[in-house]
Amino acid sequence: FGVTPAMLTASAASPEVKALLRFQMERAQRYYDEARPLIGLVDGRSRSSLRALIEIYETLLQRIRQRDGEVFAGRVALS
């Protein structure tokens, strides 16, 4: 992607960093999609915790997407 260390410490995401982040966001979404059916294989006492973690991090990912990967301007958080 042509990202340099300096680009990762900048106050705004460069086009190269945004391209890298888009790639990683798509990759993360695929992992969430692939993991969801596996929840049923986890011990019943742990399923709700695992489901909650997936939903929390997937929601954070959606918010990062809404920002078009602009994660340097401020923290992405849930209330």
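Heads up: the structure comes first, above all this text.
Conventions adopted
Residues numbered from 1 in each chain as written. Predicted model: local features only at pLDDT ≥ 70, side-chain atom pairs only at ≥ 80, totals over all residues. Heavy atoms only, no water. Helix = DSSP H or I, 4+ residues; strand = E, 2+ residues; numbered from the N terminus. Buried < 20%, exposed > 50% of the residue type's maximum accessible area, 1.4 Å probe, protein only. Expected span 1.5 Å × (residues − 1). Arc of directions from axis to C-beta. Contact = heavy atoms within 4.5 Å. Core = buried A, V, L, I, M, F, W, Y, C linked by side-chain atoms within 4.5 Å.

A separate point is unusual backbone geometry. Non-glycine residue D68 carries a positive phi angle of around 55 degrees. For D68, the position within the fold is in the segment after α3 (44-66). Exposure remark for D68: the relative accessible area of 32% places this residue in the partly exposed category.

This part takes up helix α2 (residues 15-35). The terminal C-alpha atoms of α2 lie 30 Å apart, and with 21 residues this matches the ideal 30 Å at 1.5 Å per residue to within 8%. When we look at burial in α2, the residues that qualify are V17, K18, M25, Q29 and Y32. For α2, the angular spread of the buried residues around the axis is 110 degrees, confining them to a single face. Elements that come into contact with the buried residues of α2 comprise α1 (5-8) and α3.

In this structure, M25, Y32, I39, I54 and L61 together form the largest nonpolar core, which totals five residues. Every element with two or more residues in this core is listed here: α2 and α3. Non-local contacts of L61, meaning those with residues more than four positions away in its chain, are made with M25, A28, Q29 and Y32.

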